Amino acid sequence: MTSSNQLKILLVEDSDTDALLLQENIFLNGGDDLKVSRAGSLHEAVEYLNNNHIDVTLLDLTLPDSSGLDTIIRIRGARYDMPIVVLTGVDDQNTGVEAVRMGVQDYLVKGQGDGRVISRAIRYSIERKRAEDAIRRSSERFEILSETASDLLRNKNPQDVVNKLCLRVMRYLDCDVFFNFLVDEEKKKLRLNTCAGIPEKTAKGMEWLDFGAAVSGYVAQQGQRIVAENIPETNDPRTYLVRPFGVKAYACHPLMSQGKVIGTLSFGTRSRTTFSDDDLAMMKTVTDQVATAIARILSEDALQKAHDELDTRVKERTAELGEMVLELQKQIVQRVRAEEAFRSASLYARGLLEAALDPFVTISPEGKITDINRATELVTGLSREDLIGSDFSDYFTQPQKAKEVYKKVLTAGMVKDYSLTIRHVSGHTTDVLYNATLYKNEAGQMQGVLAAARDVTEHNIMESRNRFTNVLLELFAQKTSRKEYLDSVVRAIRDWSDCRCVGIRITNQDGFIPY
């Protein structure tokens, strides 16, 4: 068997006799795929681990420079992620049990068990450690995605949220740098929104980037992901921006909203030359979450800007009309005050809504609910015990449509802003937009669907009212005579209220309302 296929073992044992006996037991009983190196003290072991790759360590707890369970803590200081099998004496098995409680994978009693037992313990410890790491990373991935989904939907400041999220994802993926660029529509360039892993002075020099320049500029121009791997050995000119930072692998995804690029998000690593499929899937999921949050904020800013500009035009036009519109000005002032009061009440209600998490569920490949949050209990009127294990589609007014959404996620990988209606046990319904994506385990195997719903009922009502208010303001800004304006207002009210008969009566100069 070649050395590249052998499992590399570090035996930390100060006794020459015990070490020789252990090695002979391994080799004489089919251990030719195991390569054993030896250290006679803790100091030698730490130095060896710092300079060599080891798959597992066989650790004697009685060494010249360390003894007892403290030896485990010190060896873990050199390699925290390495499987450890502890060697104990016949009369010291309690120590072995205590060592397992501290996180080591197994223990062996010296002088007991042949090479087959030792080889099996070594292999089991490696596989057990891999399984523990896989569970830990899967749990961390789920925690990041679930917490981020809520934070991004609630927070009004994309700078703070994106920076916090990307730093967390960067650590999870064992990356060293990340860059987030946003499209500046006025300058037709990319602006560096946030980054990490490079000097602050260098980041300031990268504040603006042309479309088509470097990896991020090319991704923004083409709207497609770029994964640059083994950068030191390739001659891709697009990697000139990250190459000086020692980055060996770099992945950049476009931030998309309604088919349009609004920015880019990229991660780079100095420690390896490639990314796994799971790494890239995690980046894509996070990119989609960031894109959704930033798109929402940009839309709200654009709506506010349009409202402010319209308000300014109305005020300028009002000043030109003079006394003829004094009465109308009083009505406008009253209406503006009413709108401000309504807006304040709406903002307060909005704040209460944003303080609560949106309905959130995970669904098995068979379409069964596997986990929920408190908001899901509230929107359905059912308890956690009733919901978990039941069919996901049973809680919508159109179960077949809900099943189609779920099937679409399984085939397409995700859905965005899919309109559904949730049914409460009382008969009450809630209109929502569903966003869902697949989640996978460490092996890349699909585990189920992660879905979140946003209540859009209030949003639809507000849009209708705002459209009607804007119609009235635009009519007022455009009409030149009072009669023409009032006739147009009556038609607008009739269209909006769906009433067939609408009229406006105005007092004469004596304060009477003529017939």
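Residues numbered from 1 in each chain as written. Predicted model: local features only at pLDDT ≥ 70, side-chain atom pairs only at ≥ 80, totals over all residues. Heavy atoms only, no water.

S.K.: Just give me the short version of the overall build of the chain, but keep the residues and values in it.
M.R.: Broken down by element type, the chain carries 15 helices and 18 strands. Put simply, the chain has 515 residues, and 41% of those count as buried. If you take every contact in the chain between residues at least 6 apart in sequence, the share linking residues at least 24 apart comes to 56%. Of the roughly 28500 Å² of accessible surface on the chain, a fraction of 51% belongs to carbon and sulfur atoms. (Helix = DSSP H or I, 4+ residues; strand = E, 2+ residues; numbered from the N terminus. Buried < 20%, exposed > 50% of the residue type's maximum accessible area, 1.4 Å probe, protein only. Contact = heavy atoms within 4.5 Å. Areas by Shrake-Rupley, 256 points an atom, 1.4 Å probe, with all protein chains shown as cover.)

S.K.: Tell me about the pattern of salt bridges, and please be specific about residues and values.
M.R.: Working definition: two side chains of opposite charge can pair if their charged atoms are close together. The tally for this structure, following the rule as stated, stands at nine salt bridges. With a shortest N-O distance of 2.7 Å, R38 and D16 are connected by a salt bridge. A residue pair is termed long-range when its members are at least 10 positions apart, and R38 in strand β2 (residues 34-39) and D16 in helix α1 (residues 16-27) qualify at 22 residues. For D279, the salt bridge is made with R272, and the minimal N-O distance between the two is 3.1 Å. Residue D279 is classed as buried on the basis of its relative accessible area of 8%. (Salt bridge = Lys/Arg side-chain N within 4 Å of Asp/Glu carboxyl O.)

S.K.: Give me helix α3 (residues 70-78): which residues, what numbers.
M.R.: The set of residues buried in α3 consists of T71, I72 and I75. Along α3, the residues classed as buried sweep out an arc of 100° about the axis, all on the same side. In this structure, α3 carries I73 and G77 as exposed residues pointing more than 90 degrees from its buried face. (Arc of directions from axis to C-beta.)

S.K.: Describe the sheet that holds strand β11 (residues 226-228), naming the residues involved and giving the relevant values.
M.R.: One open sheet holds the six strands; their spatial order is β10-β9-β8-β13-β12-β11, and the pairing between them is antiparallel. The sheet terminates laterally at β10 (208-209) and β11, the two strands that pair on one side only. In this sheet, strand β9 (residues 189-196) lies alongside strand β8 (residues 177-184) in antiparallel orientation, the contact comprising seven bridges. Bridge pairing in β9 links F178 to A196. With respect to the sheet, helix α8 (residues 214-222) is in contact with β8, β9, β10, β11, β12 (249-257) and β13 (260-269), its orientation differing from that of β12 by roughly 30°. (Pairing = 2+ DSSP bridges. Axes fitted to C-alpha atoms, helices over the stretch in contact; angles between N-to-C directions.)

S.K.: Just give me the short version of the sheet that holds strand β1 (residues 7-12), but keep the residues and values in it.
M.R.: Pairing is parallel across the open sheet formed by five strands, whose spatial order is β2-β1-β3-β6-β7. Across the chains shown, the open sheet's two edge strands, defined by having one partner strand only, are β2 and β7 (106-109). Each strand axis lies, on average, 25° off the axis of its neighbour in the sheet, ignoring direction. Note: β1 against β2, six bridges, orientation parallel. Looking across to β2, one finds that L7 is bridged to L34. Contacts from α1 reach β1, β2, β3 (56-60) and β6 (84-88), with the element oriented near 175° to β2. Against the sheet, α3 makes contact with β3 and β6, and its axis sits at roughly 150° relative to β3, the strand it touches most.

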